[in-house]
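Tertiary structure, described
The residues making up each chain are set out below.
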Amino acid sequence: MDLVEAIESRRSVRAYLPTPVPQETVAAIMELSLRSPSGTNMQPWTVHAVSGAVKQGIADDVIASRLRVRETGVQEHHGERVFYPDDLGEPWRARRRAIGWDLYGLLGIKKGDRERTFDQHNRNYTLFDAPVGLFVFIDKSLEVGSWLDLGMLMQTIMLVAREHGLHTCPQAAWHIYHQIVRKWTGAGENESLAAVIALGYEDTLAIENTLRTPREPLEKVVTFSGFD
Ligand SMILES: Cc1cc2nc3c(=O)[nH]c(=O)nc-3n(C[C@H](O)[C@H](O)[C@H](O)COP(=O)(O)O)c2cc1C
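Here's a quick rundown of the structure. Think of each chain on its own: its residues are numbered from 1, step by step along the sequence as written. Totals for whole chains, interfaces and linings use every residue, but because this is a predicted model, local features are given only for residues with pLDDT of at least 70 and side-chain atom pairs only at 80 or more, for both listing and counting. Just so you know, side-chain values use all the structure's heavy atoms and leave hydrogens and water out.

**Describing the packing of aromatic side chains**
Here is the rule: Note on aromatic pairs: the rings of Phe, Tyr and Trp (six-membered ring only in Trp) are paired at centre separations within 6.5 Å, and the planes decide the class, stacked below 30 degrees, edge-to-face beyond 60, tilted for the rest. A helix here means a DSSP run of H or I that spans at least four residues, while a strand means a run of E at least two residues long, and both kinds are numbered starting from the N terminus. The cut-offs for exposure are 20% and 50% of the maximum accessible area for each residue type, with area from a 1.4 Å probe on protein chains only; residues under the lower value are buried, those over the upper are exposed, and the others partly exposed.
This structure, assessed with the given rule, holds six aromatic pairs. Ring centres 5.5 Å apart and planes at 75° place the aromatic pair F83 and Y84 in the edge-to-face group. Look at Y125 and W174: their rings are 5.1 Å apart centre to centre, the planes differ by 80°, and that puts the pair in the edge-to-face class. Separated by 49 residues along the polypeptide, Y125 in the loop between α5 (114-122) and β2 (132-139) and W174 in the loop between β3 (167-171) and α7 (178-185) bring together distant segments of the chain. Both residues of the pair, Y125 and W174, belong to the buried class.

**Concerning the layout of surface pockets**
Applicable threshold: A pocket, in this scheme, is an open set of points on a 1 Å grid over the protein atoms alone with protein on both sides within 12 Å along at least 5 of 7 lines, while a cavity is a set where a 1.4 Å probe fits but cannot get out; residues line either one if an atom lies within 4 Å of a point. Grid points are joined across faces, edges and corners, and a volume is the space filled by probe spheres set on the points.
By volume, the largest pocket is sized at about 2300 Å³. In terms of lining, the largest pocket is formed by 47 residues, of which the most central are R14, Y84, R96, I99 and G100. Where the lining of the largest pocket is concerned, the elements lending two or more residues are α3 (52-72), α4 (92-106), α5 and β3. If one sorts the elements of the lining of the largest pocket by residue count, α4 sits on top with eleven residues.

**Quick look at the packing of helix α2 (residues 23-33) against helix α6 (residues 144-163)**
Keep this limit in mind: To obtain an axis, a line is fitted to C-alpha atoms, over the contacting stretch when the element is a helix, and the angle between two such axes runs from 0 to 180 degrees between their N-to-C directions. By the definition adopted for this analysis, an angle is roughly parallel if under 35 degrees, roughly antiparallel if over 145, roughly perpendicular if from 65 to 115, and oblique otherwise. Less than a right angle of anticlockwise turn of the near helix away from the far helix marks a crossing as left-handed, whereas a clockwise turn marks it as right-handed. Here, two residues are considered to be in contact whenever any of their heavy atoms come within 4.5 Å of each other. Each residue gets one of three labels, nonpolar for Ala, Val, Leu, Ile, Met, Phe, Trp, Tyr, Cys and Pro, charged for Asp, Glu, Lys and Arg, and polar for the others, Gly among them.
Packing of α2 against α6 brings their axes to within 9 Å, and their N-to-C directions diverge by 130°. Compared by their axis directions, α2 and α6 come out oblique. The way α2 lies across α6 gives a crossing that is right-handed. Listed contacts from α6 to I29, M30, L32 and S33 of α2 are L153, T156, I157, V160 and A161. Looking at side-chain class alone, the contact of α2 with α6 contains seven nonpolar, two polar and no charged residues.

**Considerations on the site of the ligand**
So the rule is basically this: A cutoff of 4 Å decides nearness: a residue is near a molecule or strand if any of its heavy atoms lies inside that distance of it. In the analysis that follows, any N or O atom pair within 3.5 Å is treated as a polar contact, provided that within protein one partner can donate a hydrogen and the other can accept it, and provided that, for residues neighboring in sequence, both atoms belong to side chains. For accessible areas, the Shrake-Rupley method is used with a probe of radius 1.4 Å. Any residue's cover is judged against the shown protein chains and nothing else.
Looking at the ligand, there are 14 residues lining it, with R10, S12, R14, A172 and R215 nearest. Measuring from an oxygen atom of the ligand, one finds a side-chain N or O atom of R14 at 2.7 Å. T213 places a polar side-chain atom, nitrogen or oxygen, 3.1 Å from an oxygen atom of the ligand. Summarising the interface, the protein chains cover 69% of the accessible area of the ligand, which totals 620 Å² for the free molecule. Looking at the shell around the ligand, the element that brings in the most residues is β3, giving three residues.

**Brief notes about the side chain of R182**
Its location among the elements puts R182 in helix α7. Residue classification places R182 among the buried residues on the basis of a relative accessible area of 5%. In this structure the side chain of R182 is engaged in a polar contact, spanning 3.2 Å, whose partner is the side chain of Q179.

**Focus: the pattern of salt bridges**
Note the threshold: Every case where a carboxyl oxygen of Asp or Glu lies within 4 Å of a side-chain nitrogen of Lys or Arg is listed as a salt bridge.
What the rule picks out here adds up to eleven salt bridges. The partner of R11 in a salt bridge is E202, with the nearest N and O atoms 3.0 Å apart. Linking R11 in the loop between α1 (3-9) and α2 with E202 in the loop between β4 (191-200) and α8 (218-221), this pair joins segments that are 191 residues apart in sequence. The pair R11 / E202 is uniform in exposure class, with both members buried.

**Description of α3**
Here is the rule we go by: Take the number of residues in a helix, subtract one, and multiply by 1.5 Å to get its expected span.
With 21 residues, α3 should reach 30 Å at 1.5 Å per residue; the first-to-last C-alpha distance of 30 Å fits that figure. Considered for burial, the residues of α3 that qualify are K55, G57, I58, A59, V62, I63, S65, R66 and V69. Taken together, the buried residues of α3 touch β1 (45-50), α5, β2 and α7. G73 occupies a position one or two residues after α3 and carries a positive phi of about 75°.

Function cannot be inferred from these measures alone, as they are strictly geometric.
Structure representation (structure tokens):
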């Protein structure tokens, strides 16, 4: 697959087939992805790849916690940093709402349907049934410059996955559950959970996978100066 095809065919897939992804395939994807650049070549990342019983254990623990929180109203887990501002301004707020409504609209989940919204949100924690989760951590001592590097690694992983016929979904939804993930993966207290990538074979019959997301036009994003 050439690069253009990989970029154009990558999208966030939110329903997967049970078809397993062998450890050797995950290792091959990671081996190549570790060529990603990082500021001063610090390579500030660690990736914990999980599947099978570990993946299930993490999902069970997170969903059990979410059910208790729904019952008691008392949050049991907290993020290690602010991930997105609470008072999201425009145009960020409108764009975030649009993707939410588009996805929930496809699934037939109406505004105010708390039960189905809760269940759909929980699908993040089963990795949308993907057989593999890549839990991306960064050393806690590092700052924003090194967080940039994580994005490079994650995008490379998602593109290399396409070469293997696999799809992905990057997920921020996990970040408050770092203690549960740490327990199951053996990640150290010095490691901070940044994001997760679900990895697997797309369920092409799933309605949510028909979602296509827009982008702003070039003229709104890029300015050109000094060209003849
Ligand atoms: C850092 C990051 C975090 C994301 N977190 C989630 C998430 O928690 N759950 C989810 O369903 N999608 C998540 N997404 C997917 C975005 O919604 C998606 O990338 C965006 O809507 C563009 O769609 P596309 O990936 O299909 O091109 C995340 C994407 C990124 C880059």
